[in-house]
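Residues per chain, in single letters:
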Amino acid sequence: MSRYKTSSYKAYKTARRRSLGLLAGLGIFALTGFSQAAEPEQLRIGYQKYGTLVLLKAQGNLDKRLAAQGIQVKWTEFPSGPALLEALNVGALDFGQAGEAPPIFAQAAGANLVYVGNEPPEPEGEAIVVPQHSPIKSVAELKGKKIALNKGSNVHYLLVKLLEKAGLQYQDIDAVFLPPADARAAFERGSVDAWAIWDPFLAAAQTQTGARILADGKGVVSNHAFYLAARPYAEKRGNVVSLVLEELARTDQWAARNRKAAAKEIAPLLGLGLAATELALSRNSFGVKPVSAEVLEAQQKIADVFHRLKLIPKPIVVKAAALPQK
């Protein structure tokens, strides 16, 4: 074979290999693209160690129902409402649950969220507790004392209102902002004098440390639990939000009739023990419903108090975070 023919043959072989490689690459790209296109839609739900969402996760009914529609549920646990709503604000969540105060702090921070439902009032599900042998017998005696609480959580408002009822100002106490796990550690080692906390952490403190309730929310606050969604998701996938609320309502109805069975189901998820879980559920209210004008007005009063105390930087209009009625 001549030198010219040999050179031409080598060039042909090289070009052929490159063509086959390119076709293989295109095939892989096509398969990858197909795989990505086939990935299921995702609903990202944030939950805490309380409420019906935990039970809904444990029972798996929502996951099954949405899977039939090609939607996968991704569950993420958060230590508190403020952290959950921050995740919702930055686009990491589509749906979640929080108490009364967190949505107000989140809205004041510019979060694009909407109220989509709430549970009935649960005033005994949050309280200020002191160690079992503490000499403190009344809220009035908290003047000058250190009180642990999660900043921006439902108990933030409880503390404000209980202090007012006792004739004290918010500035009369030393607020120590800690998430539940750190607050309990501080409470047990005596670094704080009292702890404002919600169920089931409240129930765990009672059953495991002998913590004594100084005052709860009865007659002082409503303590609603709210279901919230990212506004873009609620506007685009309102049908999915409605489906979630339907499943929550069914779970609520079952749990209201079967509290002990419900406690057994969620105790492993909570990791706080069966006794604490049963005590927390005994104080739980069940019955998810659409957010009413009256409930939004109650939220507005909380927001106004927080602005007066300079706990939020600007006044907000709570009803602006509600979806228009159809």
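Our structure's up above, just so we're on the same page.
Residues numbered from 1 in each chain as written. Predicted model: local features only at pLDDT ≥ 70, side-chain atom pairs only at ≥ 80, totals over all residues. Heavy atoms only, no water.

Undergrad: Give a detailed account of the sheet that holds strand β7 (residues 174–177), specifying residues and quantitative values.
TA: Spatially, β7-β6-β8-β5-β9 is the arrangement adopted by the five strands of the open sheet, whose pairing is mixed. Lying at the two open borders of the sheet, with one neighbouring strand each, are β7 and β9 (212–216). Geometrically, the sheet is characterised by an average inter-axis angle of 30° between neighbouring strands, direction not taken into account. Where strand β5 (residues 126–130) and strand β8 (residues 194–198) come together, four bridges link them in antiparallel fashion. Pairing of Glu 126 across the sheet is with Trp 198, part of β8. Those strands touched by helix α7 (residues 180–189) are β5, β6 (146–149) and β8, and its axis lies near 150° from that of β8. (Pairing = 2+ DSSP bridges. Helix = DSSP H or I, 4+ residues; strand = E, 2+ residues; numbered from the N terminus. Axes fitted to C-alpha atoms, helices over the stretch in contact; angles between N-to-C directions. Contact = heavy atoms within 4.5 Å.)

Undergrad: Mind laying out the layout of surface pockets, listing which residues take part and the relevant values?
TA: Which parts of space are left empty comes out when a probe the size of a water molecule is rolled across the atoms. For the largest pocket, the calculated volume is near 720 Å³. The wall of the largest pocket is formed by 26 residues, among which Tyr 115, Val 116, Leu 323, Pro 324 and Gln 325 lie closest to the centre. Secondary-structure elements contributing two or more residues to the lining of the largest pocket are β4 (113–118), α9 (231–236), α10 (238–257) and α13 (293–308). Among the elements that line the lining of the largest pocket, the one with the most residues is α10, at six residues. Class assignment of the residues belonging to the lining of the largest pocket gives a composition of 14 nonpolar, six polar and six charged. Here the second largest pocket defines a volume of roughly 150 Å³. (1 Å grid on protein atoms, 1.4 Å probe; cavity = no way out; pocket = protein on both sides within 12 Å on 5 of 7 lines; lining within 4 Å. Points joined across faces, edges and corners; volume = space filled by probe spheres on them. Nonpolar A, V, L, I, M, F, W, Y, C, P; charged D, E, K, R; others polar.)

Undergrad: Any chance you could break down helix α12 (residues 274–282) for me, citing the residues and the numbers?
TA: Buried residues of α12: Ala 276, Thr 277, Ala 280 and Leu 281, and no others. The buried residues of α12 occupy an angular sector of 130° when projected down its axis, which confines them to one face. The elements touched by buried residues of α12 are α8 (201–209) and α11 (259–270). (Buried < 20%, exposed > 50% of the residue type's maximum accessible area, 1.4 Å probe, protein only. Arc of directions from axis to C-beta.)

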